[in-house]
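Now for the letters of each chain:
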Amino acid sequence: MDNRPIGFLDSGVGGLTVVRECLRQLPHEEVVFVGDSARAPYGPRPAEQIREYTWQLVQFLLSKDVKMIVLACNTATAVVWEEVKEALDIPVLGVVLPGSSAAIQETHNKQIGIIGTQMTIESDIYRQKIQLLMPEAKVHSLACPKFVPLVESNEATSSLAKKVVYETLQPLVGKIDTLVLGCTHYPLLSRIIQNVLGKDVTLIDSGAETARDISVLLNYFEINHSRDQVTREPRFYTTAGVETFKEIAQEWLGRPVEVEHVEL
C-alpha cells in the first residue's frame, strides 16, 4: 500500500478529463492536479519551451510527495515523457500509448484519425505508435490549433465552437471509422466532434484509456491507496485565474472543487 497521491499535470484544464476517469475508476486514490492555463496552449510552442514548462510542473508535483505522475497532456507526452520517465524513480505515465492501443482495438477498416495540437501532430508520435502495433493501418493526422483556446475560455458548448469544429474537421469527414482525441482538452468538445463526423465514427478518449493504465500500474507496483485510510479530497492548482478553472472543473467533474493559484 502507498497512501500518497497520484499527480496529474497538463497545459491547462484538459487533463481534468483524465482526472474524471481516475476518480470514477479509482475512487479510493488521492489526486493532485496542476494545470498551466496561464501558458496554454502548449501546442504552438517550441519543443524546448514545452520541455522547460513540463519539468516545472513535474517539480511542483514532486513537492507534493506524489507516488506516480501522469502527463495528462498529449503535447507534453510527445515531447518529454521518455525523459521524465527515465529521470524519476516513481512511475510516469503518458497519454499517447493508451489512446493508440484503444484505436487499434476499435477500428474495423483500419482508417484511423488523429487530432491534436500542432506539436503533437508534427511529432508524428501517434502514427508511429499505431503503425508499430498495426503496420497496415492508415493514419490520418490533423492539427486543430483552435480547439484548446475554445476549451480554456469555457466556450466548449458555444455556437463559435460548433463553427470552428465543423470547419476544422472537414478533411476527415467520411474517411475514418475511428478518431483518437489526441489532446486531453478535446473530450470537452466530443459532442460537437461526434455530430460533425457522424455516429458511425468511434471516438477514443485518451484520458479514459489512461485511467485504465493507471489502475494496472498501481496493481503492478503494489502502490494502491489503503481502503482503511481516509482519502483526501482532490487538490487542484492552476497558474491562471481560479474562478474560470473552478467553473470548468465543477461542470466537468460534477462535484464541488477547491482550486488554488500557484506560481511556477
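Look up a bit, the structure's there.
### Focus on the packing of helix H4 (residues 96-106) against helix H6 (residues 125-133)
The contact between H4 and H6 brings their axes to 9 Å, and the two run at 50 degrees. With respect to their mutual orientation, H4 and H6 come out oblique. For the crossing formed where H4 meets H6, the hand is right-handed. For the pair H4 and H6, the contacting residues are Val 96, Leu 97, Ser 100, Ser 101 and Ile 104 in the first and Ile 125, Tyr 126, Lys 129, Ile 130 and Leu 133 in the second. Of the residues contributing to the contact of H4 with H6, the split by class is 7 nonpolar, 2 polar and 1 charged.

### Things to note about the pattern of salt bridges
In the structure shown here, the tally under the stated rule is 14 salt bridges. Between Lys 85 and Glu 82 there is a salt bridge, with the nearest N and O atoms lying 3.5 Å from each other. With Lys 85 and Glu 82 both in helix H3 (residues 74-87) and 3 residues apart, the pair spans about one turn of that helix. Residues Asp 124 and Arg 127 are paired through a salt bridge, measuring 2.6 Å at the closest nitrogen-oxygen approach. The exposure class assigned to Arg 127 is partly exposed, which follows from its relative accessible area of 28%.

### Quick look at unusual backbone geometry
At the junction of Ala 40 and Pro 41, the peptide bond is cis and its omega measures out at 0 degrees in the coordinates. Turning to its location among the elements, Pro 41 is positioned in the loop between strand S2 (31-35) and helix H2 (47-63). Even without glycine at this site, Asp 124 takes up a positive phi of about 65 degrees. Along the chain, Asp 124 turns up in the loop between helix H5 (118-123) and H6.

### Looking at the pairing of strand S8 (residues 202-205)
Here strand S7 (residues 178-181) pairs with S8 via 4 bridges, running parallel. Residue pairing for S8: Val 180 is matched across the bridge by Ile 204.

### Here we look at helix H1 (residues 16-25)
Most of H1 sits inside the fold, with 7 of its 10 residues counted as buried. Those residues of H1 not exposed but buried are Leu 16, Thr 17, Val 18, Val 19, Glu 21, Cys 22 and Leu 23. If you follow the buried residues of H1, they end up packed against strand S1 (6-10), S2, strand S3 (68-71), helix H10 (206-221), strand S9 (235-238) and helix H11 (242-253).

### So, the sheet that holds strand S4 (residues 92-93)
If you trace the 6 strands from one edge of the open sheet to the other, you get S4-S3-S1-S2-S9-S10, paired in parallel fashion. Unpaired on one side and paired on the other, S4 and strand S10 (259-261) mark the two borders of the sheet. Note: S3 against S4, 2 bridges, orientation parallel. The residue bridging Val 70 from the neighbouring strand is Leu 93, located in S4. Packed on one face of the sheet, H2 meets S1, S2, S3 and S9 and runs near 155 degrees to S1. Sitting on the sheet, H11 touches S2, S9 and S10, and the angle it makes with S10 is about 155 degrees.

### Focus on the sheet that holds S8
Two pairing modes exist for strands in a sheet, parallel and antiparallel, and in both the strands are linked by backbone hydrogen bonds. Read across the open sheet, the 4 strands follow the order S6-S5-S7-S8; overall the sheet is parallel. The strands lining the two open edges of the sheet, one partner per strand, are strand S6 (138-143) and S8. Put simply, the sheet's adjacent strands are angled 20 degrees from each other on average, direction ignored. By the bridge criterion, 6 bridges tie strand S5 (residues 111-116) to S6 in an arrangement that is parallel.

### Here's the deal with the nonpolar core
General note: in soluble globular proteins, nonpolar side chains tend to be found buried as a group. Membership of the largest hydrophobic core comes to 52 residues, with the highest contact counts inside it found for Phe 8, Ile 115, Phe 147, Leu 169, Leu 179 and Ile 193. If near-sequence neighbours (up to four positions away) are discounted, Ile 193 is found in contact with Ile 115, Phe 147, Val 165, Leu 169, Leu 179, Leu 181, Tyr 186 and Leu 203. Of all hydrophobic cores here, the second largest spans 26 residues; its members include Phe 60, Leu 61, Leu 88 and Tyr 237.

### Considerations on the packing of H4 against H10
Look at H4 against H10: their axes get within 8 Å of each other, and the N-to-C directions meet at 105 degrees. Classed by the angle they form, the pair H4 and H10 counts as roughly perpendicular. Of the residues in H10, those in contact with Pro 98, Gly 99 and Ala 102 of H4 are Ser 206, Glu 209, Thr 210 and Asp 213. Considering only residue class, the contact of H4 with H10 consists of 2 nonpolar, 3 polar and 2 charged.

### Some details on the environment of Val 180
Here Val 180 shows up in strand S7. With 66 residues separating them along the chain, Val 180 and Ile 114 place their C-alpha atoms 4.9 Å apart.

Conventions we followed
Going along each chain's sequence as written, the residues are numbered from 1 onward. Only residues with pLDDT of at least 70 get local features here, since the model is predicted, and only at 80 or more are side-chain atom pairs given and counted; chain-wide, interface and lining totals rely on the full set of residues. The basis for every side-chain value is the complete set of non-hydrogen atoms in the structure, without hydrogens or water. For helices, the fitted axis covers only the stretch in contact; all axes are lines through C-alpha atoms, and the angles between them, taken along N-to-C directions, range from 0 to 180 degrees. A run of DSSP states H or I qualifies as a helix once it reaches four residues; a run of E qualifies as a strand once it reaches two. Both are numbered from the N-terminal end. Orientation is classified from the angle alone, with under 35 degrees giving roughly parallel, over 145 giving roughly antiparallel, 65 to 115 giving roughly perpendicular, and any other angle giving oblique. Two helices cross in a left-handed way if the nearer one is turned anticlockwise from the farther one by less than a right angle. They cross in a right-handed way if the turn is clockwise. Contacts: residue pairs with any heavy atoms within 4.5 Å of one another. Note on residue categories: nonpolar means Ala, Val, Leu, Ile, Met, Phe, Trp, Tyr, Cys or Pro, charged means Asp, Glu, Lys or Arg, and polar means any other residue, Gly included. What counts as a salt bridge is simple: a side-chain nitrogen of Lys or Arg found within 4 Å of a carboxyl oxygen of Asp or Glu. For every residue, the accessible area (1.4 Å probe, protein chains only) is compared with the maximum for its type, and the residue is labelled buried under 20%, exposed over 50%, or partly exposed between those bounds. By this definition, two strands are paired if DSSP reports at least two bridges between them. The criterion is simple. A nonpolar core is a set of buried Ala, Val, Leu, Ile, Met, Phe, Trp, Tyr and Cys residues joined through side-chain atoms within 4.5 Å.

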